[in-house]
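# Coordinate analysis (summary)
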Amino acid sequence: MRLVLKSDVAGLGTKGDIVEVSTGYGRNYLLPQGLAANATTGMIRQIQEAARVRREARRRELEAAENIRSHLAETRVVIAARVNDEGQLFGSIGIAEIVDAVRSLSSVVLERRMVLLAEPIKTIGYHEVSITLHPEVQCVLTLDVIPAHR
């Protein structure tokens, strides 16, 4: 019996998979539980089209993330902050300040969840910040923290 899974079934497949099962298993368990539907030619075509659309969307997202990474590599991000005589910041620079600085210095709009910062920046100088643009695309942004004019 050929069925299309409506949800994930352990040991059988994931939602949208076309599976071949015994007639008894399909009629007595999968169909009554609403876990599967009969695999008609129209439904199979629809599933294949949806998979093609998902692949194309993933490809576009990956391409956009690669473009942003190349743009960020060309961007110098400088943040001016008030410091004391030892070079320590009054306060700190966190994710929100980094996102705002990137937005103001380039056309890239980062989301806060994309920026990985182990701890807030509290000194002047160069700091490396990891950015995750896509599960497959990461980059390192060099941040230059300079003293602000008093």
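Residues numbered from 1 in each chain as written. Predicted model: local features only at pLDDT ≥ 70, side-chain atom pairs only at ≥ 80, totals over all residues. Heavy atoms only, no water.

## With respect to the overall build of the protein
Per the secondary structure count, the protein includes three helices and nine strands. Mapped from its N terminus to its C terminus, the protein presents α and β elements in the order β-β-α-β-α-β-β-α-β-β-β-β. At 25 Å, the protein has a C-alpha radius of gyration far larger than the 15 Å of a compact globule built from 150 residues. Taken over the C-alpha atoms alone, the protein extends approximately 80 × 25 × 15 Å along its principal axes. By the burial criterion, 31% of the 150 residues in the protein qualify as buried. Pairs at least 24 apart in sequence give 48% of the contacts found in the protein among residues at least 6 apart. Summed over its atoms, the accessible surface of the protein is roughly 9800 Å², and 50% of this surface lies on carbon and sulfur atoms. Mean positive and mean negative side-chain charge positions of the protein (19 and 18 charges, respectively) differ by 9 Å. (Helix = DSSP H or I, 4+ residues; strand = E, 2+ residues; numbered from the N terminus. Rg over C-alpha atoms; globule rule 2.2 N^0.38 Å. Buried < 20%, exposed > 50% of the residue type's maximum accessible area, 1.4 Å probe, protein only. Contact = heavy atoms within 4.5 Å. Areas by Shrake-Rupley, 256 points an atom, 1.4 Å probe, with all protein chains shown as cover. Lys, Arg positive; Asp, Glu negative; His and termini not counted. Charge placed at Lys NZ, Arg CZ, Asp CG, Glu CD.)

## Concerning helix 3 (residues 95-105)
Regarding helix 3, the residues found buried are Ile98, Val99, Ala101 and Val102. Along the long axis of helix 3, the arc covered by the buried residues comes to 160 degrees, so they all point the same way. (Arc of directions from axis to C-beta.)

## Observations concerning the sheet that holds strand 6 (residues 115-116)
Read across the open sheet, the four strands follow the order 4-9-8-6; overall the sheet is mixed. With partners counted over all chains shown, the strands left at the sheet margins are strand 4 (77-81) and strand 6, one partner each. Two strands pair when backbone bridges link them, and strand 8 (residues 125-134) and strand 9 (residues 137-147) are joined in this way by nine bridges, in the antiparallel orientation. Note that in strand 9 the partner of Tyr126 across the bridge is Asp144. Along the sheet face, helix 2 (residues 41-73) touches strand 8 and strand 9 and points at about 30 degrees away from the line of strand 9. In the packing of helix 3 onto the sheet, contacts are made with strand 4, strand 6, strand 8 and strand 9, and the angle to strand 4 comes to roughly 125 degrees. (Pairing = 2+ DSSP bridges. Axes fitted to C-alpha atoms, helices over the stretch in contact; angles between N-to-C directions.)

## Side note on the sheet that holds strand 2 (residues 18-20)
The strands that make up a sheet are held in pairs by hydrogen bonds between backbone atoms, and each pair lies either parallel or antiparallel. As summarised here, the arrangement of the three strands in space is 2-1-3, forming an open sheet in which the pairing is antiparallel. Each having just a single partner strand, strand 2 and strand 3 (36-38) make up the two edges of the open sheet. This sheet shows a mean twist of 40 degrees between the axes of neighbouring strands, independent of strand direction. The pairing of strand 1 (residues 2-5) with strand 3 spans three bridges and is classified as antiparallel.

## Some words on the environment of Thr23
One can find Thr23 in helix 1 (residues 23-30). Along the sequence, Thr23 and Ala57 sit 34 residues apart, while their C-alpha atoms lie 36 Å from each other.

## Considering the side chain of His134
On the secondary structure map, His134 appears in strand 8. We classify His134 as buried; its relative accessible area is 14%. Once residues lying within four places of it in the same chain are set aside, the contact partners of His134 are Glu61, Leu62 and Ala65.

## Regarding the side chain of Thr75
Positionally, Thr75 belongs in the loop between helix 2 and strand 4. For Thr75, a relative accessible area of 14% puts it in the buried group. Within the local environment of Thr75, its side chain forms a polar contact with the backbone oxygen of His71, the two atoms lying 2.9 Å apart. (Polar contact = N/O pair within 3.5 Å; in protein donor to acceptor, adjacent residues only side chain to side chain.)

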